[in-house]
Amino acid sequence: IHFGLLGTIRQLLDRVRPDIVHLNSVTLAYCAPVVQQLGYPVVWHVREEPVSGYTGLRTRFLRRTLMTACDEAIFLSSPARDAWVAGARGVVMPN
């Protein structure tokens, strides 16, 4: 992760002061804990599914972050939600 980017995110949030932060990809996982630590509500719109059969460190990190670093998670389908968090959290809202 590029720590300069996280500093830039902090500066942006301090300047804009949004009511809510909407992340539109699971690839923004590194940003979610920072945004949450700054006290902003996080809604995470997960558009991807984990790679089938892959259970590596990155996938585990993403799953753990989805479970802990957002106020709400939105998935495109029930199978996608089940693939990420086994249906443990989040709502399904198809595109």
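In what follows, the structure referred to is the one given above.
Everything numeric here is computed off the predicted structure, so don't read it as measured data.

(A) Region of interest: the sheet that holds strand β2 (residues 42-46). Taking strand neighbours across the sheet as the criterion, the four strands line up as β1-β2-β3-β4 in an open arrangement whose pairing is parallel. Strands at the two margins of the open sheet, each flanked by one partner only, are β1 (21-23) and β4 (91-92). As defined by bridge partners, strand β3 (residues 72-75) adjoins β4 across two bridges and the pair is classed as parallel. When the bridges of β4 are listed, Ile-74 appears paired with Val-91. Docked against the sheet, helix α4 (residues 78-85) engages β2, β3 and β4, running at close to 130 degrees with respect to β3.

Thresholds, definitions, all that
Residues numbered from 1 in each chain as written. Predicted model: local features only at pLDDT ≥ 70, side-chain atom pairs only at ≥ 80, totals over all residues. Heavy atoms only, no water. Pairing = 2+ DSSP bridges. Helix = DSSP H or I, 4+ residues; strand = E, 2+ residues; numbered from the N terminus. Contact = heavy atoms within 4.5 Å. Axes fitted to C-alpha atoms, helices over the stretch in contact; angles between N-to-C directions.

By themselves, these figures tell us nothing about what the structure is for.
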